[in-house]
Amino acid sequence: MSDYIVSLEHTGIDDIDRVGGKNASLGEMIRHLSAAHVRVPGGFATTAQAFRDFLAQNGLDARIEQRLSGLDTGDVTALAAAGREIRGWIVDTPLHAPLEEAIATAYQEMAANAPAGFSVAVRSSATAEDLPQASFAGQQETFLNVRGLEEVRRRIKEVFASLFNDRAISYRVHHGFEHEKVALSAGVQRMVRSDIGASGVLFTLDTESGFRDVVFITASYGLGELVVQGAVNPDEFYVYKPALAAGRPAILRRNLGSKHVRMNYADDAAADHGVITRDVDEADRRRFCLSDEDVTELARLAMAIEAHYGRPMDVEWAKDGLDGKLYVVQARPETVQSRSGQIIERYTLAKRGTVLVEGRSIGQKIGSGVARVITDISEMAKLNEGDVLVTDMTDPDWEPVMKRAAAIVTNRGGRTCHAAIIARELGVPAVVGCGTATELIADGAPVTVSCAEGDTGYIYETLLPFERREIELNAMPPLPVKIMMNVGNPDRAFAFSNLPNKGVGLARLEFIINRMIGIHPRALVDYAKLSRDLQETIEPLIAAYSSPREFFVARLAEGISTIAAAFNPHPVIVRLSDFKSNEYANLIAGSVYEPEEENPMLGFRGASRYIAENFRPCFEMECEALKRVRDEMGLTNVEVMVPFVRTPDEARQVIDLLKSCGLERGKNGLRVIMMCELPSNALLAEDFLQYFDGFSIGSNDLTQLTLGLDRDSGLVAHLFDERNPAVKALMARAIDACRAAGKYIGICGQGPSDHEDLAAWLLERGIESISLNPDTVVETWIDLAGRHG
């Protein structure tokens, strides 16, 4: 259009120096991804030349350079004073006439093709912004629901001024960008009516582990600023790229967020950035704000954008509440996990303590220090180097002080909020969305913040000891045995898959049922017959799903598929549920259905439970979840393992039952493995192997049942040793029988993780795989290689 204004559709990725990374990326997508059905709202951008000429008026640029010269950005008081003064200079300087006229022409052309009453977003786009080596996300201002030419001009000038926000000045200094070499472009873009729809952020990898085969989507009602700011806990979705590319159902996980507020248009567009926040109805909070079809379509758009740019991407999206369509409003390179190398850090607590509060973990580190509860940005000076920052939420103005924190804790926010993004960039552990952290954590109290225990982050009372290790993964020595892992927590599966491995030798369903479902399966089968009190307890938990049964099947399938996707194409051996009656009784409504047994360890569990008439409907739901993962999602690396099979006749009945539930051994490549954990299993190995494709030795139960001791009893715990000659004789018997039959033989018990000499003995005996706890994989691998070499 002119030296000062350019239409977004006439820009591209080569125009970063002219219109900044954000606007260049928007133009790139408009020009090159429309054919892939990536919708990007149109608009125009002011150029870097327009910004520089604006600052050149009356020597403003020289005054700014002089004011910033020698500024100590670590002095938050001095930083705030300098930023405030510079912004005042810019706001008080009128736009020069050529720029003012160019804006008017571009806006009038935009208005001619827009519906009456349309509004725009005015966003910043720095010439050093959104480059692969740095994330300037949120550094400058964004104004939404801007209406009318005069308001657009005013907001453009305020965007110019925001290049000198405290956080932007500090960030440039911290990352070595020279102030005078960074210019700003203001993007004026038609608003998507997500105020009456939904919006959020997505990444084309897992933000915590760097796992590349998923798209991670966050979503909430209304305009997306609340998701970015961390003012709302959004819904979360993981979509598996290979399944999506194959045209199969691809949603691995759905996590329901609280979504308690939404951002809408304000009646007065000139007031408070043109927007207001409103509470979300309770019924809407309890359901997902996106359909599965929307989630799948967003993932497809994400993959198209990633393919075009050739790198992992961070994308902001919006669903228009009027036309129901999905739009992309920003796309930039992901800048943290995509830089990760082949050295991984592992943090481990030496012991757990009293939990003060919990939330969503960001990263996988542990930090500790004195808690500083800060309720307002004006209190930032309270935070000393190495303190733990505890606050309601953060925004970009907090960045200068966040660098000092040993850890960050917030009441609000999800995994793509501001606090989470900056914590990842700084390498600081953070726990977000805690709800009441500022109330439950005392200012000045010593605390430990752990993000090393999965999806849930914990804030512990006092300073707890912890260990940090670096693991080099570049060159693991070869082994004559497959090293697999024991994985129960789907939240850690993506991270664990970064370790050297040949798959999962034991995926426990108990963790998924306990943490992701939490309700006795029979109560979901009999939901209509439950007491009203129990129904009222269960109803909020299942409200986002179409039925109680679907809640159980879908959640179980989500947990299984997440682990399976993380380790695909390596096998993932899923052990069917092995709760004892006392453990089932701890679930919601469990006491209604479970017997009271004197010794649950030897009671109603494993195969005996599956074939019991009163448990069969529950077992059928487990089978349906497994079938969904294998047959519909195509994750045929999932194999089935049956625990605690007392007799060959029980084995026959379980195999028949699996077949009747659609899990036929050998069909679609399905292997069915048996846990070899009873002395009878080893003694009658040949009889049991008629019904199974191999054994996985469960050394925990095999040891206690061989030696006749209760492993949970402190009185005899010193006698528990998997290396006892009687136990080893039975393990040797099982290994020999499987090898003679040409069938799989592995071990998934605790023994090899605790005793490297036992692992070496198993290798010598000819075991096919050893499944270890993830924290012992690298050390055991190296030890075995040394012994074997």
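The structure presented is a predicted model; accordingly, all values stated were derived computationally and were not measured.

Asks: Explanation requested: the packing of helix H23 (residues 616-632) against helix H24 (residues 648-660) in the structure shown.
Replies: How two helices sit against one another is set out by the angle between their axes and by the gap between those axes. Contact geometry for H23 and H24: axes closest at 10 Å, N-to-C directions at 60°. In terms of orientation, H23 and H24 fall into the oblique class. Of the two possible hands of crossing, H23 and H24 adopt the one that is right-handed. In contact with Arg616, Phe619 and Cys623 of H23, H24 contributes Leu657, Leu658 and Ser660. Looking at the contact of H23 with H24, its residues break down into four nonpolar, one polar and one charged.

Asks: What exactly am I supposed to notice about the sheet that holds strand E28 (residues 694-697) here?
Replies: Either a parallel or an antiparallel arrangement is found when strands of a sheet pair, and the pairing is made through backbone hydrogen bonds. Taking strand neighbours around the barrel as the criterion, the eight strands line up as E23-E24-E25-E26-E27-E28-E29-E30 in a closed arrangement whose pairing is parallel. Going across the sheet, the axis of each strand differs from the next one's by a mean of 30°, ignoring polarity. Contacting strand E27 (672-676), E28 and strand E29 (744-747), helix H28 (residues 725-741) crosses the sheet at an angle of about 155° to E29.

Asks: In this structure, what is going on with the sheet that holds strand E18 (residues 407-410)? I would like to understand it.
Replies: Taken in spatial order, the seven strands line up as E15-E19-E18-E17-E16-E20-E21 and close into a barrel, and their pairing is mixed. Here the average twist between neighbouring strands, direction ignored, is 35°. Bridge count between strand E17 (residues 388-391) and E18: four bridges; the pairing is parallel. Bridged to threonine 391 within E18 is threonine 410. Relative to strand E15 (residues 355-362), helix H13 (residues 418-426) is tilted by about 75°, and along the sheet it contacts E15, E18 and strand E19 (430-432).

Asks: Where do I start with the pairing of strand E2 (residues 43-46) in this structure?
Replies: Moving residue by residue along a regular strand, the side chains alternate between the two faces of the sheet. Residues of E2 alternate between two faces, with Gly43 and Ala45 on one and Phe44 and Thr46 on the opposite face, all of them buried. Where strand E1 (residues 5-7) and E2 come together, three bridges link them in antiparallel fashion. From the neighbouring strand, isoleucine 5 faces E2, where its bridge partner is threonine 46. Bridging between E2 and strand E5 (residues 184-190) involves three bridges; their strand directions are antiparallel. Of the residues in E5, the one forming a bridge with phenylalanine 44 is valine 188.

Asks: How do you make sense of the side chain of arginine 630 when you look at a structure like this?
Replies: Topologically, arginine 630 is positioned in helix H23. A polar atom in the side chain of arginine 630 sits 2.6 Å from the backbone oxygen of asparagine 668. Ignoring anything within four residues of it in the chain, the contact list for arginine 630 reads Leu635, Thr636, Val638, Lys667, Asn668, Gly669 and Leu670.

Asks: It is not clear to me how the packing of helix H4 (residues 76-92) against helix H7 (residues 166-175) should be interpreted in this structure. Could you clarify?
Replies: The interhelical angle for the contact between H4 and H7, taken along N-to-C directions, is 115°, at an axis separation of 9 Å. Where H4 crosses over H7, the handedness of that crossing is right-handed. Within the contact between the two elements, H4 uses Leu79, Ala80, Gly83 and Arg87 and H7 uses Asp166, Ile169 and Ser170. In terms of residue class, the contact of H4 with H7 is made up of three nonpolar, two polar and two charged.

Asks: I keep staring at H28 and nothing clicks. Help me out?
Replies: Owing to its 3.6 residues per turn, the α-helix aligns residues three or four sequence positions apart on the same side. In this model, H28 (17 residues) spans 24 Å end to end at C-alpha, consistent with the 24 Å of a helix rising 1.5 Å per residue. Turning to H28, its buried residues are Val727, Leu730, Met731, Ala732, Ala734, Ile735, Ala737 and Cys738. The residue sitting at the N-terminus of H28 and contributing the capping side-chain oxygen is asparagine 724; that oxygen lies 2.9 Å from the backbone nitrogen of alanine 726. Directly after H28, the chain includes glycine 742, whose backbone phi takes a positive value near 70°.

Asks: Looking at this structure, I do not really get the pattern of salt bridges. What am I missing?
Replies: Opposite charge on two side chains allows them to pair when their charged atoms are near. Within the structure shown, the criterion is met by 53 salt bridges. Two residues, glutamate 550 and arginine 628, come together in a salt bridge whose shortest N-O distance is 3.0 Å. Linking glutamate 550 in helix H19 (residues 548-567) with arginine 628 in helix H23, this pair joins segments that are 78 residues apart in sequence. Since its relative accessible area comes to 23%, glutamate 550 is described here as partly exposed. Judged by its relative accessible area of 18%, arginine 628 falls in the buried class. Three or more residues are tied together by salt bridges with common partners; here these are Glu151, Arg154, Arg155 and Glu158.

Asks: What's the story with the nonpolar core in this structure? I'm lost.
Replies: Taken as a class, soluble globular proteins show a tendency for nonpolar side chains to be buried jointly. Counting residues in each nonpolar core, the largest one holds 171 residues, and the members touching the most others are Ile305, Phe567, Val642, Leu658, Phe695, Ile697 and Ile770. Excluding anything up to four places from it in sequence, valine 642 contacts Leu576, Ala607, Tyr610, Val654, Leu658, Val672, Ile673, Met674, Met675 and Phe692. Ala50, Ala82, Ile90 and Val159 belong to the second-largest nonpolar core, a separate cluster that totals 46 residues.

Asks: Whenever I open this one, the packing of aromatic side chains confuses me. Can you help?
Replies: For any pair of aromatic rings, geometry is given as the distance between the ring centres together with the angle between the planes. For the coordinates displayed, the defined rule picks out 14 aromatic pairs. Ring centres of phenylalanine 237 and phenylalanine 288 lie 5.6 Å apart, and the angle between their planes is 55°; on these two criteria the pair is classed as tilted. Highlighted residues: phenylalanine 237 in strand E8 (residues 235-240) and phenylalanine 288 in the loop between helix H10 (282-285) and helix H11 (292-309), separated in sequence by 51 residues. Of the two residues examined, phenylalanine 237 and phenylalanine 288, each falls in the buried class.

Asks: Can you walk me through the environment of alanine 685 in this structure?
Replies: By the element assignment, alanine 685 lies in helix H26 (residues 685-689). Here alanine 685 falls in the buried class, since its relative accessible area comes to 0%. Separated by 50 residues in sequence, alanine 685 and leucine 635 have C-alpha atoms that sit 30 Å apart. Residue contacts for alanine 685: discarding those within four places in its chain leaves Phe695, Arg733 and Ala737.

Thresholds applied
- Residues numbered from 1 in each chain as written.
- Predicted model: local features only at pLDDT ≥ 70, side-chain atom pairs only at ≥ 80, totals over all residues.
- Heavy atoms only, no water.
- Axes fitted to C-alpha atoms, helices over the stretch in contact; angles between N-to-C directions.
- Helix = DSSP H or I, 4+ residues; strand = E, 2+ residues; numbered from the N terminus.
- Parallel < 35°, antiparallel > 145°, perpendicular 65-115°, else oblique.
- Left-handed = near helix turned anticlockwise from the far one by under 90°.
- Contact = heavy atoms within 4.5 Å.
- Nonpolar A, V, L, I, M, F, W, Y, C, P; charged D, E, K, R; others polar.
- Pairing = 2+ DSSP bridges.
- Buried < 20%, exposed > 50% of the residue type's maximum accessible area, 1.4 Å probe, protein only.
- Polar contact = N/O pair within 3.5 Å; in protein donor to acceptor, adjacent residues only side chain to side chain.
- Expected span 1.5 Å × (residues − 1).
- Salt bridge = Lys/Arg side-chain N within 4 Å of Asp/Glu carboxyl O.
- Core = buried A, V, L, I, M, F, W, Y, C linked by side-chain atoms within 4.5 Å.
- Phe/Tyr/Trp six-rings, centres within 6.5 Å; stacked < 30°, edge-to-face > 60°.

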